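Residue-level structural notes
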Amino acid sequence: MMNEKIIVIDDEKMILDLTAMVLQHRGYEVFTADNALDGYNIIAREQPAVALLDYMMPQVNGLTALREIRQRFPATYVIMFTGKGSEELAVELMKAGAADYILKPFSNANLIDRIDGTLRLRAIELRNRELLEERERLLAEIAEWNRELEHRVTVKSHELERAHAEILQSEKLAALGHLSAGMAHEIRNPLNSIGLFAQVLRAGVVQDPEMVSYTEKIVSEVERIDDILVKLLASSRRSLFQLRSIRVQDVISQVVASFEEQARLQHVEMAVELIDSPPAILADGDELAQIFTNLIANALFEMREGGRLGVRMEHDGQSLTVVVSDTGRGIPAENLSKIFDPFFTTKEKGTGFGLSVVLRIVKTYGGGIRAESGPNGGSRFVVSLPLA
Ligand SMILES: Nc1ncnc2c1ncn2[C@@H]1O[C@H](COP(=O)(O)OP(=O)(O)OP(=O)(O)O)[C@@H](O)[C@H]1O
Ligand SMILES: [Mg+2]
């Protein structure tokens, strides 16, 4: 405490000198000013713990100076010198922020007492303020941690939701696989007979063109049903396959080539960016081709009035990514979660199997697929396949 800085601001030179002497003697570092303005400058520079301030000064009055110091230098505590018989004034000064007051004339002992008291009060209050600030800081830190925690929980919940949706999806596919395999088998046999009998019938009615056209309708409808059954089977279970080391860019090139004519007729520009030699992957070529055939068929369906088909390939050493994009109408947000479901279709003649087949194949290879739709239309399908 002894090295605390104290400033005395008083226009009476006598008081300044005397007080300074007494305080220096007590070990304080003392500054003096004979007017308030000089006082402010010294306080700004030295930041003394206590200011002894005379109430009666010619230029700036004591109350104004007191308020100014309290406002600008809250860590400097002010003790006011006032004349005797002005207790009311003293109360007003205390209200304005004075830490204490000393009635003039004062004794040295009284002066020292008041200063010691004020220094003690100041030490406690400053410590208190520090603790409050520390508390604020800790609260802010806790709030920050809470935010961080909430953020992590949200991220994890989303991951869980996604994982859950994927499990549901594969359960659906598995159930469907079971059902459809049996069903397709049961239906295709009698269907086959119907087709055969229709052809026999046709041979018997060749003279009657109307009858011939009916039998042909039966045959073509039978074929359509059979087609659906075959697709149903394909969407739910794996048919014969052969794993080979496959260059995905070759598979994509072939698929893209098979759509070139259709794209030209629809005035669809094809922007294909394949990378030259990403590592080959072990897969069945026909299965891989199915992925891109179905995606590109869907994309072209959306661009019957022209547009741009994008096929872009990249890899990062871990996995290979292929993005198939179009400039069609896009996919309404409410459909995004359903398009991979078997049977989900928005097309009059669609079966809704295309994307479920894609999903099944991608899953078979331990990969993933996600669909995105831009705010102004256009869809993107991002397929990723692990390289290992
Ligand atoms: N590129 C795309 N742009 C907009 N919508 C799409 C796109 N691809 C798929 N969809 C939507 O997803 C649905 C399901 O597609 P999916 O390929 O599974 O079946 P489909 O195309 O309707 O029928 P299928 O493929 O059996 O002929 C489509 O009906 C369509 O609504
Ligand atoms: Mg399709």
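Before going into details, it helps to say that this report is about the structure given with it. (Residues numbered from 1 in each chain as written. Chains lettered and ligands numbered in written order. Predicted model: local features only at pLDDT ≥ 70, side-chain atom pairs only at ≥ 80, totals over all residues.)

**Comments concerning the overall build of the chain**
Put simply, the test is: Only runs of H or I of at least four residues qualify as helices and only runs of E of at least two qualify as strands under DSSP, and these elements are numbered from the N terminus. The quantity called the radius of gyration is restricted to C-alpha atoms. Its globule counterpart is 2.2 Å times the number of residues to the power 0.38. Exposure in this text rests on C-beta crowding, where 20 or more other C-beta atoms within 10 Å of a residue's own make it buried, 12 or fewer make it exposed, and counts in between make it partly exposed. The C-beta atoms are placed from the backbone. This entry defines residue contacts through backbone-placed C-beta atoms, with two residues in contact when those atoms are within 7 Å.
Of the regular secondary structure elements, the chain holds 9 helices and 12 strands. For 388 residues, the compact-globule formula gives about 21 Å, and the C-alpha radius of gyration of the chain, at 45 Å, lies well above that figure. Summarising its shape, the C-alpha atoms of the chain cover approximately 140 × 40 × 40 Å along the three principal directions. When burial is assessed residue by residue, the chain has 26% of its 388 residues classed as buried. Sequence separation of at least 24 residues holds for 66% of the intrachain contacts in the chain that already meet a minimum separation of 6.

**Points about unusual backbone geometry**
Residues lysine 104 and proline 105 are joined by a peptide bond in cis, for which omega reads -10°. Even without being glycine, histidine 267 reaches a positive phi, approximately 55°. Mapped onto the secondary structure, histidine 267 falls in the loop between helix H7 (248–265) and strand E7 (268–273). At phenylalanine 343, a residue that is not glycine, the phi angle is positive and equals roughly 80°. Structurally, phenylalanine 343 is set in the loop between strand E10 (319–326) and helix H9 (354–364). Since 13 C-beta atoms lie within 10 Å of it, phenylalanine 343 is described here as partly exposed.

**Some points on helix H5 (residues 108–204)**
For the record, the criterion: To estimate how far a helix should extend, the number of its residues minus one is multiplied by 1.5 Å.
For H5, spanning 97 residues, the distance from its first C-alpha to its last is 138 Å, which sits close to the expected 144 Å at 1.5 Å a residue. Judged by how many residues are buried, H5 sits mostly at the surface: 6 of 97 residues are covered. Listed in full, the buried residues belonging to H5 are Ile115, Thr118, Leu173, Leu176, Ser180 and Ala184.

**A look at the site of ligand 1**
The line we're drawing: The C-beta atom of each residue is placed using the backbone, and any residue whose C-beta lies within 6 Å of a molecule or strand is treated as near it. As a working rule, the residues Ala, Val, Leu, Ile, Met, Phe, Trp, Tyr, Cys and Pro are called nonpolar, Asp, Glu, Lys and Arg charged, and the rest polar, with Gly in that last group.
Close to ligand 1 lie 20 residues, the nearest being Asn298, Thr345, Gly350, Gly354 and Leu355. Those elements that place two or more of their residues in the shell around ligand 1 are helix H8 (285–301) and H9. Within the shell around ligand 1, the residues separate by chemical class into 6 nonpolar, 11 polar and 3 charged.

**Some details on the packing of H8 against H9**
Two quantities define a packed helix pair, namely the angle between the helix axes and the distance between the axes. What counts here: In this description, a line fitted to the C-alpha atoms serves as the axis of each element, helices being fitted only across the stretch in contact, and the angle between N-to-C directions of two axes falls anywhere from 0 to 180 degrees. Each crossing gets its handedness from the near helix: less than a right angle anticlockwise from the far helix is left-handed, clockwise is right-handed.
Packing of H8 against H9 leaves a shortest axis separation of 9 Å and a crossing angle of 145°. Both H8 and H9 take part in a crossing whose hand is left-handed. Mapping the contact onto sequence places Glu287, Gln290, Ile291, Asn294, Leu295, Ala297 and Asn298 in H8 and Gly354, Leu355, Val357, Val358, Ile361 and Val362 in H9. Residue composition of the contact of H8 with H9, by class: 8 nonpolar, 4 polar and 1 charged.

**Considerations on the nonpolar core**
Put simply, the rule is: We define the nonpolar core as any set of buried residues of the types Ala, Val, Leu, Ile, Met, Phe, Trp, Tyr and Cys, connected via C-beta atoms lying within 7 Å of each other.
Counting 38 residues, the largest nonpolar core has Leu295, Ile296, Leu300, Leu309 and Val358 as the members making the most contacts within it. Of all the secondary structure elements, the ones that give two or more residues to this core are helix H6 (209–236), H7, strand E8 (281–283), H8, strand E9 (307–315), E10, H9 and strand E12 (379–386). With 7 residues, H8 is the single largest residue contributor to this core. What isoleucine 296 contacts, discounting residues up to four positions off in sequence, is Val255, Phe259, Leu309 and Val324.

**Remarks on the environment of leucine 63**
Mapped onto the elements of the fold, leucine 63 is located in helix H3 (residues 62–72). When the 17 C-beta atoms within 10 Å are taken as the criterion, leucine 63 is described as partly exposed. Sequence spacing of leucine 63 and leucine 89 is 26 residues, and the spatial spacing of their C-alpha atoms is 9.7 Å. Not counting residues up to four positions away in its chain, the partners in contact with leucine 63 are Leu93 and Ala96.

**Regarding the sheet that holds E7**
Stated formally: At least two DSSP bridges between two strands are needed for those strands to be called paired.
The sheet built from 5 strands is open, its strands ordered E7-E9-E10-E12-E11 with mixed pairing. Either end of the sheet is taken by a strand with one partner, and the two such strands are E7 and strand E11 (368–373). On average, each strand axis in the sheet is inclined to that of its neighbour by 10°, with strand direction left out of account. Note that E11 and E12 share 6 bridges and pair antiparallel. Bridge pairing in E12 places alanine 371 opposite phenylalanine 381. Relative to the sheet, H7 contacts E7, E9 and E10, its axis offset from that of E9 by approximately 175°.

**Let's talk about the sheet that holds strand E2 (residues 29–33)**
In spatial order, the strands read E2-E1-E3-E4-E5; together these 5 strands make up an open sheet with parallel pairing. Only two strands of the sheet have a single partner each, and these edge strands are E2 and strand E5 (100–104). Within the sheet, the average angular offset between the axes of one strand and its neighbour, ignoring direction, is 20°. Note: strand E4 (residues 77–83) against E5, 5 bridges, orientation parallel.

**Structural notes on the packing of H7 against H8**
One can describe the packing of H7 onto H8 by two numbers: an axis separation of 9 Å at closest approach and a directional angle of 35°. Remark: the crossing between H7 and H8 carries right-handed chirality. Here H7 contributes Val248, Val251, Ile252, Gln254, Val255, Phe259, Gln262 and Ala263 to the contact with H8, which in turn contributes Gly285, Leu288, Ala289, Phe292, Thr293, Ile296 and Leu300. When the residues that make up the contact of H7 with H8 are grouped by side-chain class, the tally is 11 nonpolar, 4 polar and no charged.

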